[in-house]
Amino acid sequence: MNTYHAIEWLAEGKLRLIDQRRLPQELVYCDYTDYHEVALAIRDMVVRGAPAIGITAGYGMALAALYSPATDVEALRADLCAADAVLRAARPTAVNLFWALERVLRRAADPTLPTVAAIREAVLAEAHAIYAFEAESNFRIGQNALPLVPDGAKIIHHCNTGPLATGEYGTALRVITAAHEAGKRVFAYVDETRPRLQGARLTAWELQQWGVPFTIIVDGAAAHIMRTVGIDLCVVGCDRIAANGDTANKIGTYSLALAAKAHNVPFYVVGPTSTIDMTLASGDDIVIEQRPAEEITRFEACQIAPADASATNPAFDVTPAAYITAIITERGVIYPPFKENLARLMA
Ligand code: MRU
């Protein structure tokens, strides 16, 4: 069980985040009252992971409402629109950010809210509801995945999809921890996940808290482990699933899916329905975030590549639906054909 909370609303009107950049060396909390700072925290990856980004943005809007100097409802709604614009520019790929912001804006626009105080209260309630939705989804995902995990399973996991990335139990990582809690013997191969090392730093730390046995591998070792050790399934999270099932997730996911296909290993994408974007026909329409070259050419303070060496740093890739065995959501497990089955799920 996790004893930490990546995201917490404090009763005195502050947002508290674990600074995930400093884990596992230090468990440091940062408090926020200014939504501009919250947007920077998302951009700079103090908080990261698609559902966690959405929850954080919801609370960013709650801060915007709480600390707005507006004295009438029109002015407060205008301030919320300004906050929405700042928060939605923080990162482009995870649809949860936009999903959460739209939920909050819709709630704030309710014409039956008569006063500034009523809008403030409604916005905070919506942020709490977003958190509660993700927490409940995480739990259901673990239950829905249980039949797919055999006793003794060896599982490859990419990036970080635990409570740090989602607010509560996790998504792809929850598949592993739920099986462990249910008494199944599971062993995780944790992709280190270059260049930010979410696997080696965060997933390894979280699996230690849950007491699940694991070993860290470099991303390039996955195919070798499949061929030599044998892997029962791969589980990955998602930042945006298009209507045809194409899935954007942390860079390296597509290579893992290709290797899984070549070795007949089931490849599961795991995420809440808040990550499904039915407005995009295919993964070709998903915006892939490009992050600074220094994430590759440097390691913290240490220069690795030659000075001025060029580096290209797409933070995500798109795995075509054809490489995905099933999508595990809180509403159930979806199999191909994804276009039809996602439409039914989301109807
Ligand atoms: O760049 P990050 O760390 O925000 O990327 C995180 C991922 O790609 C996760 O796999 C995804 O957001 C799902 S989190 C449950």
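These notes cover the structure that comes with them. In this text, all values refer to a predicted model and were calculated from it rather than measured experimentally.

1. Describing the sheet that holds strand E14 (residues 316-319)
Then, in step 1: Taken in spatial order, the four strands line up as E11-E8-E9-E14 in an open sheet, and their pairing is mixed. Strands with a single pairing partner mark the edges of an open sheet, and in this sheet they are strand E11 (276-277) and E14.
Then, in step 2: One ladder, built from two bridges, connects strand E8 (residues 240-242) with strand E9 (residues 247-250); its direction is antiparallel. Paired with Arg240 across the two strands is Ala248, which belongs to E9.

2. Here's the deal with the packing of aromatic side chains
Then, in step 1: Using the criterion set out here, one finds six aromatic pairs in the structure.
Then, in step 2: A ring pair is formed by Phe187 and Tyr189, whose centres lie 5.2 Å apart and whose planes are at 65°; its orientation type is edge-to-face.
Then, in step 3: For Tyr189, a relative accessible area of 10% gives the class buried.
Then, in step 4: Here the guanidinium or amino end of Lys250 rests over the ring plane of Phe316, the centre of that ring lying 4.3 Å away.

3. Section: the site of the ligand
Then, in step 1: Around the ligand sit 19 residues in total, of which Arg48, Ala50, Gln198, Asn249 and Lys250 are the nearest.
Then, in step 2: Separating an oxygen atom of the ligand from a side-chain N or O atom of Gln198 is a distance of 2.8 Å.
Then, in step 3: Separating an oxygen atom of the ligand from a side-chain N or O atom of Asp239 is a distance of 2.9 Å.
Then, in step 4: Coverage of the ligand by the protein amounts to 100% of the 410 Å² it exposes when considered alone.

4. Thoughts on helix H3 (residues 73-88)
Then, in step 1: Along its 16 residues, H3 runs 22 Å from first to last C-alpha, staying within 8% of the 22 Å computed at 1.5 Å per residue.
Then, in step 2: Every buried residue belonging to H3 is among Val73, Leu76, Leu80, Ala83, Asp84 and Leu87, and all of these are buried. Axial view of H3: buried residues confined to an arc of 105°, hence all on one face.
Then, in step 3: Packing partners of the buried residues in H3 comprise helix H1 (35-43), helix H2 (50-67), helix H4 (95-108) and helix H5 (116-145).

5. What about the sheet that holds strand E10 (residues 267-270)?
Strands belonging to one sheet form pairs held by backbone hydrogen bonds; the direction of such a pair is parallel or antiparallel.
Then, in step 1: If you walk across this open sheet you meet the seven strands as E6-E5-E4-E7-E10-E15-E16, and the pairing is mixed. Of all strands in the sheet, those with a lone pairing partner are strand E6 (214-217) and strand E16 (332-334), marking the two edges. Taken pair by pair, the neighbouring strands of this sheet meet at an average axis angle of 25°, ignoring direction.
Then, in step 2: Relative to strand E7 (residues 233-236), strand E4 (residues 153-157) runs parallel, the two being bridged by three bridges.

6. Overview of helix H8 (residues 198-210)
Then, in step 1: The end-to-end C-alpha separation of H8 is 17 Å, in line with the 18 Å expected for 13 residues at 1.5 Å each.
Then, in step 2: Among the 13 residues in H8, ten count as buried, and that is most of the element.
Then, in step 3: Where H8 is concerned, the buried positions are Gln198, Gly199, Arg201, Leu202, Thr203, Ala204, Trp205, Glu206, Leu207 and Trp210.
Then, in step 4: Structurally, H8 contributes buried residues whose contacts are with E4, helix H6 (163-166), helix H7 (172-181), strand E5 (186-191), E6 and E9.
Then, in step 5: Looking one or two places after H8, you find Gly211, whose phi comes out positive at around 75°.

7. So, the packing of H3 against H5
Then, in step 1: Viewed as axis vectors pointing N to C, H3 and H5 meet at an angle of 30°, and their least axial separation amounts to 9 Å. When the axis of H3 is compared with that of H5, the two are roughly parallel. Relative to H5, the crossing made by H3 is right-handed. Each of Val73, Leu76, Arg77 and Leu80 in H3 lies in contact with H5, whose residues at this interface are Val116, Ile119, Arg120 and Val123.
Then, in step 2: Taken together, the residues of the contact of H3 with H5 break down into six nonpolar, no polar and two charged.

Thresholds applied
Residues numbered from 1 in each chain as written. Predicted model: local features only at pLDDT ≥ 70, side-chain atom pairs only at ≥ 80, totals over all residues. Heavy atoms only, no water. Pairing = 2+ DSSP bridges. Helix = DSSP H or I, 4+ residues; strand = E, 2+ residues; numbered from the N terminus. Phe/Tyr/Trp six-rings, centres within 6.5 Å; stacked < 30°, edge-to-face > 60°. Buried < 20%, exposed > 50% of the residue type's maximum accessible area, 1.4 Å probe, protein only. Lys NZ or Arg CZ within 6 Å of the ring centre and 35° of its normal. Near = heavy atom within 4 Å. Polar contact = N/O pair within 3.5 Å; in protein donor to acceptor, adjacent residues only side chain to side chain. Areas by Shrake-Rupley, 256 points an atom, 1.4 Å probe, with all protein chains shown as cover. Expected span 1.5 Å × (residues − 1). Arc of directions from axis to C-beta. Contact = heavy atoms within 4.5 Å. Axes fitted to C-alpha atoms, helices over the stretch in contact; angles between N-to-C directions. Parallel < 35°, antiparallel > 145°, perpendicular 65-115°, else oblique. Left-handed = near helix turned anticlockwise from the far one by under 90°. Nonpolar A, V, L, I, M, F, W, Y, C, P; charged D, E, K, R; others polar.

Geometric descriptors of this kind do not, in isolation, establish any biological role.
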